[in-house]
Structures are given as C-alpha cells and as structure tokens.
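Close look at the chain arrangement
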Amino acid sequence: MASWNSIPLEITYQVVGWIAFASWTFGFYPQLILNFRRKSVVGLSFDFVVLNLTKHTSYLIYNASLYFSSTIQKQYYEKYGFDEMIPVAANDVAFSTHAVLITLIVLFQILIYDRGSQKVSRIAIAIVIAVWLFAAVCFFIALPRHSWLWLISIFNSIQVFMTVVKYIPQAFMNFKRKCTAGFSIGNILLDFSGGVANYAQMIVQSIDQGSWINFYGNMGKMLLSLVSISFDIIFMCQRFVLYPNKKAQVPPKLIEETTEPLVNTSDHKQSEIV
C-alpha cells in the first residue's frame, strides 16, 4: 500500500479535496433556496433532477465501495499495483452522500411547489429504467466470480454517462425559453469551482506518486470534472452572454397553466376528465 512522499503535497491534496467538497456541496443550496423563496420550481428541468439522482447514487456506490471495502481495495491493488494509492478520498464519499440527500429534497420540492405545466419526460424515465436494469444485469454477471471492482467500475461509468446526459435537458430548456430564470447560476459557479478543485486534487496525487495511474484508475472522477466544467461554461454563457436578465418567452396559455397548483382540486380533476 502506497504512502505519501511529501507532507506538503499530502496537505495540499486534503485541502484541495475539501475545497471541491465545499464547492460542490454548497452548490446545491442556491437552487434549493431559490425554489423555497419562489415556492415554485418553474424553470428548473425536472429531467435534470431525476437524471441527477441516478448519477449521484451511482457515484455514491462507487466511492463508498472502493473507500470502505477491503475486498475491493485488494482487487484494485492486484490490478494496478500495491504501490498505488486508492483514488477515492473521504471528501468524495462525503460529497456523494450529501448529493443524494439534497437531490431527494429537490425532488420533494418538485412535488409540493408550483411546477406549472412542467413534467418529467418519458425519455428521462426510460433512461433511468434502462440504466438500473443494466446495472442489475451487471451485478448478476459479477456475482459468480465476485468481480466487485469491475462492477463498481460500471457504476463509475454510469455516473459519467449520467453527468453528460443530465445537463442536456436544462441547457435545452434555457435555449428554448431564451432565459435562465428559475435556474440558479450560483449552483453553476460553485459547480465549476468544484470541478476545477477536483481535477487539481488528482494532479497533486499524481505529482506526489510520480504516476498517472490514478487518472485511468478512476477515469470517472476525471471525466466528471471535465464534463462538469464544460457544461458549466455553457450555462455561464447562457446566463451572462446569451440571455442576460431576460424573462422567459412563455405563451399566454402556458402562463395560465403555471398558476395551477401542483395538487389539483377534485373540481379541476373532473374538468380534465370531461
């Protein structure tokens, strides 16, 4: 089992890692607070939130398994060498756990706050179902030979895939509405900071160990940072360049629909049936 060669680099690694954790963690709250203040989730893509939950759950399974399981750690050492370090830190596990909990809270806000005519698309639902069915098949493939490292690597790949997919609905919604109202830019700024810090943490570890194995040994963490940074730049361009201080271009009919409560009254349900 490898150890740190430089104490200053070890301290830097921990500091940068917890900066990433703080940025990504606090990045959830601007949207949470915005929803609470407006008592509305109009403008927030529900597909983004649903896909995000699958993404963070997959990442939590990967991080927690590799960080806590001695069996999986042994398989990692056997594959990459016993002189290498585990590429998952405590801040990775803490972030994933917090991300799942906060995303569940945002989903609860979607259920109780005004959402207008917005709903989760069938495409998003199909993607989530397909991903978890795929994960279940992989579990039964790994079970006979106890290929747990391979299995959690699948979950790591899933979270990368979901990271790419989850941003697309929100970016498209902003483009379609020609507006970013209802979507917190604070979330994006902190997410960008977290992505940069997360990538920097991996570089610090590689410099200390004189090896870049932690990059392809944890390809998901590297791609997570790069994908997040790329989409964050797109969102910042939408907010500050393309649609600065613009109100959503919403048809009159849709405006009327957005005033409807999330939980319809019995009269309203009857009118819909008729």
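Along every chain, residues carry numbers that run from 1 in the direction the sequence is written. Where totals are concerned, whole chains, interfaces and linings use all residues; where local detail is concerned, this predicted model gives features only for residues with pLDDT of at least 70, and gives and counts side-chain atom pairs only at 80 or more. Note: side-chain values were computed over all heavy atoms of the structure, leaving out hydrogens and water.

**Some thoughts on the overall build of the chain**
To keep it simple, the criterion reads: In DSSP terms, a helix is any run of H or I states spanning at least four residues, a strand is any run of E spanning at least two, and both are numbered starting from the N terminus. Residues count as neighbours in contact if any of their non-hydrogen atoms are within 4.5 Å of one another. Exposure was quantified through the Shrake-Rupley algorithm and a 1.4 Å probe, taking into account, for residues, occlusion by the shown protein chains and nothing else.
Check the secondary structure of the chain and you find 12 helices and zero strands. Mapped in sequence order, the helices and strands of the chain form the string α-α-α-α-α-α-α-α-α-α-α-α. The contacts in the chain between residues at least 6 apart in sequence include a share of 84% that link residues at least 24 apart. Accessible surface computed for the chain: about 14,000 Å², of which carbon and sulfur atoms make up 69%.

**Some remarks on the packing of aromatic side chains**
Put simply, the rule is: Here is the rule: rings of Phe, Tyr and Trp (six-membered ring for Trp) pair when centre to centre is within 6.5 Å. Planes less than 30 degrees apart are stacked, more than 60 are edge-to-face, and the remainder are tilted. Whether a residue is buried, partly exposed or exposed follows from its accessible area with a 1.4 Å probe, protein chains only, as a fraction of its type maximum: under 20%, in between, or over 50%, in that order. Whether a charge sits over a ring depends on NZ of Lys or CZ of Arg being within 6 Å of the ring centre and within 35 degrees of the ring normal.
Going through the model one piece at a time under the given rule, you end up with 17 aromatic pairs. For the pair Phe48 and Phe183, a centre-to-centre distance of 6.2 Å together with 80° between the ring planes defines the contact as edge-to-face. Of this pair, Phe48 sits in helix H3 (residues 46-68) while Phe183 is found in the loop between helix H7 (148-177) and helix H8 (185-209), placing the two residues 135 residues apart along the sequence. Of the two residues, Phe48 and Phe183, both sit in the buried class. When the ring centre of Phe36 is taken as origin, the NZ or CZ atom of Lys39, which lies over that ring, is 3.9 Å away. Above the face of the Phe175 ring, Lys178 is positioned so that its terminal group lies 4.0 Å from the ring centre.

**Quick notes on the UniProt feature "transmembrane region" (unreviewed entry) in the chain**
Note the threshold: UniProt positions are given in the numbering used here, feature names are shortened, and annotations may be inferred rather than shown by experiment.
According to UniProt, the "transmembrane region" (unreviewed entry) feature falls on residues 12-29, 41-62, 93-111, 123-142, 148-168, 180-202 and 222-242. Regarding residues 12-29, the helix share stands at 89% and the strand share at 0%, and the terminal C-alpha atoms are separated by 26 Å. Annotated as 100% helix and 0% strand, the span residues 222-242 places its first and last C-alpha atoms 29 Å apart.

**As for the packing of H3 against helix H4 (residues 70-80)**
Filter applied, for reference: Every axis corresponds to a line fitted to the C-alpha atoms, with the helix fit spanning only the stretch in contact, and the corresponding angles, defined between N-to-C directions, vary from 0 to 180 degrees. Comment on the angle field: the value is read as roughly parallel under 35 degrees, roughly antiparallel over 145, roughly perpendicular from 65 to 115, and oblique elsewhere. Asp, Glu, Lys and Arg are counted as charged, while Ala, Val, Leu, Ile, Met, Phe, Trp, Tyr, Cys and Pro are counted as nonpolar; the rest, among them Gly, fall into the polar class.
Between H3 and H4, whose axes approach to 5 Å, the crossing angle comes to 85°. Taken together, the axis directions place H3 and H4 in an arrangement best described as roughly perpendicular. Contact with H3, carried on its side by Ser65, Leu66, Tyr67 and Phe68, involves Ser70, Ile72, Gln73 and Tyr76 of H4 and no other residues of that element. Across the contact of H3 with H4, the residue classes break down as five nonpolar, three polar and no charged.

**Some details on unusual backbone geometry**
If you check the backbone angles, Lys39 has positive phi at about 55° while not being a glycine. Unlike most non-glycine residues, Lys178 shows phi in positive territory, near 55°. Here Lys178 shows up in the loop between H7 and H8. Using a relative accessible area of 27% as the deciding quantity, one classes Lys178 as partly exposed.

**Quick look at the packing of H4 against H7**
It is the contact of H4 with H7, at a shortest axis distance of 8 Å, that shows an interaxial angle of 95°. What the angle tells us is that H4 and H7 run roughly perpendicular. In this structure, H4 uses Thr71, Ile72, Gln75, Tyr76 and Lys79 to contact H7, whose residues at the interface are Trp148, Leu149 and Ile152. Class assignment of the residues belonging to the contact of H4 with H7 gives a composition of five nonpolar, two polar and one charged.

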